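One-letter residues, chain by chain:
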Amino acid sequence: MDPKNVPAHEALQNRRKFLADLRCEGWPILTAKQIHSNGVFVFTGNRENFTSEIEADALLTRENGLLLGIKTADCLPILVADQKKRAVAAIHAGWRGTVEKVTEAALGRMTEEFQSNPVDLVAVLGPSACGRCYEVRSDVFTPFEKAFGKGEFLKWNEPGVSAWLDIKAANIRQLEKAGLKRENIFVLDGCTIHENGLFFSHRVESRIPHARVGRMLAVIGLSPS
Ligand SMILES: [Zn+2]
């Protein structure tokens with residue numbers, strides 16, 4: 001069966017299998033309503049204070065036995081762990097969130113809330129649209145240049161008209177600026193657009209009439225010590 005056309009009950013089965021493979025059977029997965037912002041939500045263990053309607057693009061916690069989840073299809077998922085202070089973060093960085101510097105906001109909040117030292121942090125960047133496929137126009141590159149400087153992370157296709165945007169590079173810059181060591185930043189190569197057979201891509205699949213665009217789920221959590 002086409003893995004992209006999975007009925008709801010199979011999607012649930014897949015989620016169970018996913019959790020079993022991670023050895024996290026029965027763990028709740030907390031996901032927020034992602035709104036392409038720099039909003040950060042810190043989960044403190046009170047489930048009554050958390051619903052999937054909470055608007056945030058970065059989730060942080062020090063609680064054990066649950067997973068923070070980010071859903072993407074072209075946007076960049078970033079997972080961060082502080083092994084010393086035992087804290088984790090999951091970040092959703094699309095182009096808007098990147099312009100809003102959601103990654104810097106999340107890391108700043110880790111230091112504030114958990115006294116994380118950025119040199120102790122480890123980050124993983126998941127599959128996203130790559131810098132050779134993610135073509136953007138002035139509605140995107142203009143705010144990008146405003147946020148990062150002329151031509152930063154852009155490779156011009158037609159100068160002033162269209163460019164390719166390297167969203168991973170822009171977020172690596174934010175991680176390094178926040179104080180992470182380059183050797184603690186791990187980048188997965190997958191591209192949702194040119195490897196669309198493996199991944200969901202909003203750009204590719206929303207062009208296909210009647211196609212359902214799925215989302216990938218990136219999770220991070222702390223096991224009970
Ligand atoms: Zn690509």
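Higher on the page you've got the structure.
Everything numeric in this text was worked out from a predicted model, so none of it was measured. Sequence order sets the numbering: in each chain, residues are counted from 1 along the sequence as written. Whole-chain, interface and lining totals are the exception, using all residues; otherwise, since this is a predicted model, local features are given only for residues with pLDDT of at least 70 and side-chain atom pairs are given and counted only at 80 or more. Each side-chain value is derived from all of the structure's non-hydrogen atoms; neither hydrogens nor water enter the calculation.

A. The arrangement of the pairing of strand E3 (residues 58-61) in detail. Partly exposed residues are those whose accessible area sits between 20% and 50% of the maximum for their type, while under 20% is buried and over 50% is exposed, using a 1.4 Å probe and protein chains only. Helix and strand definitions follow DSSP, with helices as H or I runs of at least four residues and strands as E runs of at least two, each counted in order from the N terminus. Both faces of E3 are covered, namely the face carrying Ala58 and Leu60 and the face carrying Leu59 and Thr61. By this definition, two strands are paired if DSSP reports at least two bridges between them. In the sheet, strand E2 (residues 40-43) pairs with E3 via 4 bridges, with the strands oriented parallel. If you follow Phe41 over to E3, its bridge partner there is Leu59.

B. How the structure looks around the coordination of the zinc ion. Summarising the metal site, the zinc ion is bound by the protein donors Cys130 (SG), Cys133 (SG), Cys191 (SG) and His194 (ND1), whose distances to it range over 2.0 to 2.4 Å. The coordination sphere of the zinc ion comprises 4 donor atoms, whose angles at the metal cover 103 to 118°; the geometry is tetrahedral. Water is absent from the atoms considered, so a metal site may look incomplete; donors are defined as N, O and S atoms within 2.8 Å of the metal, or 3.2 Å for Na, K and Ca. As a motif over one chain, the donors of the zinc ion read C-x2-C-x57-C-x2-H. Each label reflects the angles at the metal, where four donors whose angles all fall between 85 and 135 degrees are tetrahedral, four or six donors whose opposite pairs open beyond 155 degrees and whose other angles stay between 65 and 115 are square planar or octahedral respectively, and the rest are irregular.

C. Examining the pattern of salt bridges more closely. For this document, the term salt bridge refers to a Lys or Arg side-chain nitrogen within 4 Å of an Asp or Glu carboxyl oxygen. Across all of its chains, the model carries 9 salt bridges by this definition. Between Asp120 and Lys84 there is a salt bridge, with the nearest N and O atoms lying 3.4 Å from each other. Of the two residues, Asp120 is situated in the loop between helix H3 (102-114) and strand E7 (121-125) and Lys84 in the loop between strand E5 (76-82) and strand E6 (87-93); the sequence distance between them amounts to 36 residues. Exposure remark for Asp120: the relative accessible area of 19% places this residue in the buried category. Residue Lys84 is classed as exposed on the basis of its relative accessible area of 65%. Notably, a salt bridge pairs Arg109 with Glu113, separated by 3.1 Å at the nearest N-O pair. In this pair, Arg109 and Glu113 are both assigned in helix H3, 4 residues apart and thus about one turn of the helix distant.

D. Local environment of the environment of Asn184. Summarising the element assignment, Asn184 is placed in the loop between helix H5 (167-177) and strand E11 (185-187). By relative accessible area, which is 16% here, Asn184 ends up buried. Each C-alpha atom of the pair Asn184 and Asp120 lies 8.4 Å from the other, and the pair is 64 residues apart in sequence. It only takes one pair of heavy atoms within 4.5 Å for two residues to be counted as in contact. Contacts of Asn184, omitting those with residues within four sequence positions, involve Val119, Leu121, Val122 and Ala123.

E. Seen up close, the sheet that holds strand E8 (residues 135-136). Taken in spatial order, the 3 strands make up an open sheet running E8-E10-E9, and their pairing is antiparallel. In this open sheet, the two edge strands, each paired with only one partner strand, are E8 and strand E9 (154-158). Relative to strand E10 (residues 162-165), E8 runs antiparallel, the two being bridged by 2 bridges. For Val136, the partnering residue across the bridge sits in E10 and is Ala163.

F. Layout of the sheet that holds strand E4 (residues 67-72). Across the sheet, 3 strands lie side by side as E1-E4-E12; this open sheet has mixed pairing. Each edge of the sheet is formed by a strand with only one pairing partner; in this case those strands are strand E1 (29-30) and strand E12 (216-221). Alignment of E4 against E12, held across 6 bridges, turns out to be antiparallel. Counterpart to Leu68 in the pairing with E12 is Ile220. To obtain each axis, a line is fitted to C-alpha atoms, and for helices this fit is confined to the stretch in contact; angles are then taken between N-to-C directions over 0 to 180 degrees. Against the sheet, helix H1 (residues 8-21) makes contact with E1, E4 and E12, and its axis sits at roughly 35° relative to E12, the strand it touches most.

G. Main features of the side chain of Asn196. Tracing the chain through its elements places Asn196 in the loop between E11 and helix H6 (202-205). Reaching out from Asn196, the side chain makes a polar contact with the backbone oxygen of Thr192 at a distance of 3.4 Å. Each polar contact in these results corresponds to two N or O atoms within 3.5 Å; when the atoms are within protein, one needs to be able to donate a hydrogen and the other to accept it, and residues that are neighboring in sequence are counted only if both atoms are side-chain atoms.

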